[in-house]
Amino acid sequence: MSKASDTPRSLRVAVLTYSNRRTGADDSTGDLIRAQLIAAGHRVAASAIRHGDAPVMREFLRAWLADPATDVVISNGGTGIGDCMPEAAAPLIEHDIPGFAVLFQVLSLEDVGSSGMLSRACAGLAAGKLLFLLPGSANGSRLAMQRLVIPQLDTTTRPCSLAGLLADE
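My aim in this report is to walk through the structure given alongside it, one point at a time. Residue numbers restart at each chain and count upward from 1, following the sequence in its written direction. Whole-chain, interface and lining totals are the exception, using all residues; otherwise, since this is a predicted model, local features are given only for residues with pLDDT of at least 70 and side-chain atom pairs are given and counted only at 80 or more. For side-chain calculations, the full set of non-hydrogen atoms in the structure is used, while hydrogens and water are omitted.

Side note on helix 1 (residues 28-39)
- End to end, helix 1 covers 16 Å across 12 residues, agreeing with the expected 16 Å (1.5 Å per residue, within 8%).
- We call two residues in contact when some of their heavy atoms are within 4.5 Å. For the purposes of this entry, the term helix denotes a DSSP run of H or I that reaches at least four residues, the term strand denotes a run of E that reaches at least two, and both are numbered from the N terminus. Check the buried side of helix 1 and you find it contacts strand 1 (12-18), strand 2 (43-50), strand 3 (72-76), strand 6 (129-134) and helix 5 (138-153). In this scheme, a helix's expected span is set at 1.5 Å multiplied by one less than its residue total.

Quick word on the pairing of strand 1
- Of all 7 residues making up strand 1, 7 are buried, and the element is well covered by its neighbours.
- The side-chain alternation of strand 1 yields two buried faces, one formed by Arg 12, Ala 14, Leu 16 and Tyr 18 and the other by Val 13, Val 15 and Thr 17.
- A pair of strands is labelled paired if DSSP reports no fewer than 2 bridges between them. Pairing of strand 1 with strand 2 involves 7 bridges; the strand directions are parallel. Pairing of Thr 17 across the sheet is with Ile 49, part of strand 2. Here's how the labels work: a residue is buried when its accessible area is under 20% of the maximum for its type, exposed when over 50%, partly exposed in between, all with a 1.4 Å probe on protein chains only.

Description of the pattern of salt bridges
- Salt bridge, as applied in this entry: a Lys or Arg side-chain nitrogen positioned within 4 Å of an Asp or Glu carboxyl oxygen. Under the counting rule described, the total for this entry stands at 7 salt bridges.
- A salt bridge links Glu 87 to Arg 120, with the shortest nitrogen-to-oxygen separation between them at 2.6 Å. Residue Glu 87 is found in helix 3 (residues 85-89), and its partner Arg 120 is found in the loop between helix 4 (98-112) and strand 5 (122-126); the two are separated by 33 residues along the sequence.
- A relative accessible area of 23% means that Arg 120 is categorised as partly exposed.

What about a nonpolar patch on the surface?
- Together, Ile 81, Met 117 and Leu 118 give the surface a local cluster of nonpolar side chains, amounting to about 350 Å² of exposed area.
- As for its position among the elements, Met 117 is in the loop between helix 4 and strand 5.
- By relative accessible area, Met 117 is classed as exposed at 58%. To count toward a patch, a residue needs a relative accessible area above 30% and no salt bridge. Like charges then connect within 9 Å, nonpolar side chains (Val, Leu, Ile, Met, Phe, Trp, Tyr) within 5 Å. Working definition of accessibility: Shrake-Rupley area with a 1.4 Å probe, residue cover restricted to the visible protein chains.

Concerning helix 4
- For helix 4, spanning 15 residues, the distance from its first C-alpha to its last is 21 Å, which sits close to the expected 21 Å at 1.5 Å a residue.
- Gly 113 sits one or two residues past helix 4 and shows a positive phi near 70°.

Considering unusual backbone geometry
- In this structure, the amide linkage connecting Arg 158 to the following residue, Pro 159, adopts the cis form with an omega of 5°.
- Tracing the sequence through the fold places Pro 159 in the segment after helix 5.
- The backbone phi angle of Ala 127 is positive, close to 55°, even though this residue is not glycine.
- Along the chain, the position of Ala 127 falls in the loop between strand 5 and strand 6.

Shown next, in the form of structure tokens:
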């Protein structure tokens, strides 16, 4: 992992909500993620609400990961048992970040007890970019964003951060 920088970097983040029920008017989890990114000094490069099977979602993620105007992709929803986002993303992930899932499970245990084991939240490097799959619940995504994602998108986090793995512009 790359060492921390003394200079903060504003990252360009695409936010996907996986849902067949949500609309732009009631995407509370997507709104929460976008607000936390902006508050942390990052830019929302793209935002969408989509639903489909694993091959459809894989192609959607692949397009965002190929976009040179995006550094990070964060998806919310579709990580529960029986959902398809982990399967959609798996072929795209070149380097899994297993510690993300482990830490999220530990934090979830503290927050929601054993029900946290039902989430398959995960992270990895795909096409040289960070990819995070978060739960669709606002509480689960808030927990992941506040405790894991936002600190690791901060290039000044010591001793190192996931953002340090991204190529500089």
